[in-house]
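Understanding the architecture of this molecule
Here are the chains, one letter per residue:
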Amino acid sequence: MKYILSFALILIMLLSMCSCGQNSTQITESDNSETGISDTAESTLQSTSTDAIISDSGTSTNSGTSTNSGTSANSGTSTNSGTSTSSGTSTNSGTSTNSGTSTNSGTSTNSGTSTNSGTITSPDEPQNDSNNIYDSNGIEYILSEGYLWVSSYGTCTQKNITIPNRVKGKPVVGIASCAFTANSTIESVTFSEGITIIEEGAFLACARLKTVNFPSTLKTLEMNAFSGCSITSMKLPDGLEYIGRAAFKGLQMKQLSIPQSVRTIEQGAFIESALEEITIPGNATLGSSVFKKCTNLATVTLQDGITTIPSQAFYKCSSLTTLNIPGSVNSIGSSAFYGCNKLTISQLTLNKNPGFDAFSSLKIKNVDIYVNLSQRSFMSANIQKLTIHEGVTSIGKDVFTRASIGSVTFPSTLSEINGSAFYGSYIDKVVFTSAVSLGHSAFHSSTIKEITLPVGSTLGLYVFSNCKQLETIRYGGTMEQWSAMIQIPAYGYDNSDYEELNKATIICSDGTISPQ
């Protein structure tokens, strides 16, 4: 019985080993030389074969007889302790590469063709071609649609960097987002010809970066491209078209000329920079806060063609003394010059309603207005001569609050002055040539001394309240019409009790009402 059991056990083992012998060998390597290699030829086995999976990190042992019909590549050590027997002719149509030591004590027969589906990397090709990553002098590049972009400073520790126009035969066209962000080593960078774009945050917070040399091919500088750097030397190239948001925030240069090719300068592009002088081309469109808090900025040249000065464009540029506003400007945004206390504008012409507080606290020699004003624009401004031209019908609420106005001329078309329009203003004499409606507190607390009102005019509440210096009112109607006008409680109030009106001399068409 025991002989029968032993025979059965041997038979089972032989059947199992024959089944395993029909499997093809798998080779795995981790040195990036060859991967995924498979044998496609048929193996001719004359005896029982057992194939193990070979790995470069250890030692493989074959305890049976093996026949290989493909290509084997071993980077480790392979030792076969069994005997390999071949009864046919050996024909090797594949390629066998051994980078380690291989010891075979038997005979191996290859009768088929081997196919290598892996990739062999040469020293001149990318280190990681499968991921399209290139390396040059420690700087990493990424391949996209046949072009290279600088993707990271990698292991580069150089202070002075040159970005080439080609790496390993591929053209370099741009610097990718955040490629050098917060690099603490770089002090200068030179871009070779062919580079067209520097993306968002590419050199953000490179605190030691002082010198930048741009190529003539550069077209675009995106948001925060050089924000937070210490740049003291650079020249923007002719051909540059776009400067992104906060691209040069904190720029340390004192003078800068923006090329005529620039079409767009986005929000806060030069915010908080050390600029003292700047020239802006007429073709450029400016974003809000573009030079906000540039406290050293003294001279700004706006070339003809600029149509808009956006909100807070020169907000708190406290050293600004010289700025021209060309005739092409038809829009000025809110607080565009807020806090520019040293600035004097020689001539201001408005064809479009300015923004809120657009000229607050400014000194302006001549102001010509051709549009209805709807909101507070000249609060605390100092205006030598104000001319509101024919066609204008309305002055909005608070427009000239606390403004100092040397002289003012109103048009015959003006029919309405809204509440507090000249509240607290420093103004001596006002002449209206046609009937006008003066809104609530229109001249409240002003320094007005004399006013001319045509017949048909109306007074709202508190129009002349607290006008301590009011001396003379010239009214176009009769004394009776005057008395009727001020006693009509149009707003639920009787103006006849105004202390200021009672102290003023009222000169009517048929006589004079003396102060009481």
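Quick caveat: nothing in here was measured; it's all calculated off a predicted structure.

Re the overall build of the protein chain
Per the secondary structure count, the protein chain includes three helices and 41 strands. Here the protein chain, with 516 residues, has 43% of them falling under the buried criterion. Taking contacts inside the protein chain between residues at least 6 apart in sequence as the whole, the part at least 24 apart equals 27%. Accessible surface, the protein chain: about 24500 Å² in total, of which carbon and sulfur atoms supply 47%.

Notes on the pattern of salt bridges
In total, this model carries two salt bridges according to the counting rule given. Across the pair Asp 357 and Arg 376 runs a salt bridge, and its minimum N-O distance is 2.7 Å. You can see Asp 357 sitting in the loop between strand 29 (344-350) and strand 30 (363-369) and its partner Arg 376 sitting in the loop between strand 30 and strand 31 (382-388), a full 19 residues away along the chain. We classify Arg 376 as partly exposed; its relative accessible area is 22%. With a shortest N-O distance of 2.9 Å, Arg 474 and Glu 450 are connected by a salt bridge. One end of the pair, Arg 474, is in strand 39 (residues 472-475); the other, Glu 450, is in strand 37 (residues 450-453), with 24 residues separating them in the sequence. For Arg 474, a relative accessible area of 37% corresponds to the partly exposed category.

Side note on helix 2 (residues 479-487)
Burial in helix 2 covers these residues: Trp 482, Met 485 and Ile 486. For helix 2, the angular spread of buried residues about the axis comes to 85 degrees, placing them on one side.

Section: the sheet that holds strand 25 (residues 299-302)
Spatial strand order, 21-23-25-27: four strands in an open sheet with parallel pairing. At either margin of the open sheet sits one strand with a lone partner, and together these are strand 21 (255-257) and strand 27 (322-323). With two bridges connecting them, strand 25 and strand 27 associate as parallel partners. Across the sheet, Thr 299 pairs through a bridge with Thr 322, a residue of strand 27.

Comments concerning the pairing of strand 40 (residues 505-508)
Side chains Ile 506 and Cys 508 of strand 40 all project onto a buried face; the interleaved residues Thr 505 and Ile 507 project onto a face where none is buried. With three bridges joining them, strand 39 and strand 40 adopt parallel strand pairing. If you follow Ile 473 over to strand 40, its bridge partner there is Ile 506. Taking the residues that link successive antiparallel strands as the turn, the strand 40-strand 41 (residues 511-513) hairpin has two residues.

Looking at the side chain of Ser 328
Mapped onto the elements, Ser 328 comes out in the loop between strand 27 and strand 28 (331-332). Setting aside its immediate chain neighbours within four residues, Ser 328 contacts Asp 304, Gly 305, Ile 306 and Thr 307.

A few points about the side chain of Ser 331
Tracing the backbone shows Ser 331 in strand 28. Residue class for Ser 331 comes out buried when judged on its relative accessible area of 16%.

A word on the packing of aromatic side chains
Ring pairs (aromatic) are described by centroid distance and by the angle formed between their planes. Scanning the model with the defined rule gives 21 aromatic pairs in all. Centre to centre, the rings of Phe 422 and Phe 443 are 5.1 Å apart; their planes meet at 5 degrees, and the pair counts as stacked. On the criterion of sequence distance, the pair formed by Phe 422 in the loop between strand 34 (416-417) and strand 35 (429-431) and Phe 443 in the loop between strand 36 (437-438) and strand 37 is long-range, its members being 21 residues apart. A residue is classified by how much of its surface remains accessible, and Phe 422, at 0% relative accessible area, is buried. Taking the centre distance of 6.3 Å and the plane angle of 15 degrees together, the rings of Phe 443 and Phe 464 count as stacked. Placement of Phe 443 in the loop between strand 36 and strand 37 and of Phe 464 in the loop between strand 38 (458-459) and strand 39 is noted, with a sequence separation of 21 residues between them. For the pair Phe 443 and Phe 464, one class covers both residues: buried. Seen from the ring of Tyr 315, Lys 292 lies directly overhead, with NZ or CZ sitting 4.9 Å from the centre.

Describing the confidence of the model for the protein chain
Low pLDDT means the predicted atomic positions in that stretch should not be read closely. Of the residues in the protein chain, 72% reach a pLDDT of 70 or more, and the chain-wide mean stands at 79. In the model, residues 1-5 has pLDDT below 50 throughout and makes zero contacts with residues more than four positions away in sequence or in other chains. Long-range and interchain partners of residues 14-130, a stretch whose pLDDT sits below 50, account for 174 contacts in this model, where long-range means more than four residues apart.

Quick look at the pairing of strand 37
As paired elements, strand 35 and strand 37 share three bridges and run parallel to each other. By the bridge assignment for strand 37, Val 431 is matched with Thr 452. In terms of strand pairing, strand 37 meets strand 39 through four bridges, oriented parallel. Residue pairing in the sheet places Thr 452 in a bridge with Arg 474 of strand 39.

A word on the sheet that holds strand 31
If you walk across this open sheet you meet the four strands as 29-30-31-33, and the pairing is parallel. The open sheet has two free edges, formed respectively by strand 29 and strand 33 (404-409), since each of these has just one partner strand. The sheet shows a mean angle of 10 degrees between the axes of neighbouring strands, direction not considered. When strand 29 meets strand 30, the two strands line up parallel, connected through six bridges. Each bridged residue has a counterpart across the sheet, and for Thr 344 the counterpart in strand 30 is Lys 363.

Cut-offs used in this document
- Residues numbered from 1 in each chain as written.
- Predicted model: local features only at pLDDT ≥ 70, side-chain atom pairs only at ≥ 80, totals over all residues.
- Heavy atoms only, no water.
- Helix = DSSP H or I, 4+ residues; strand = E, 2+ residues; numbered from the N terminus.
- Buried < 20%, exposed > 50% of the residue type's maximum accessible area, 1.4 Å probe, protein only.
- Contact = heavy atoms within 4.5 Å.
- Areas by Shrake-Rupley, 256 points an atom, 1.4 Å probe, with all protein chains shown as cover.
- Salt bridge = Lys/Arg side-chain N within 4 Å of Asp/Glu carboxyl O.
- Arc of directions from axis to C-beta.
- Pairing = 2+ DSSP bridges.
- Phe/Tyr/Trp six-rings, centres within 6.5 Å; stacked < 30°, edge-to-face > 60°.
- Lys NZ or Arg CZ within 6 Å of the ring centre and 35° of its normal.
- pLDDT = per-residue confidence, 0-100.
- Axes fitted to C-alpha atoms, helices over the stretch in contact; angles between N-to-C directions.

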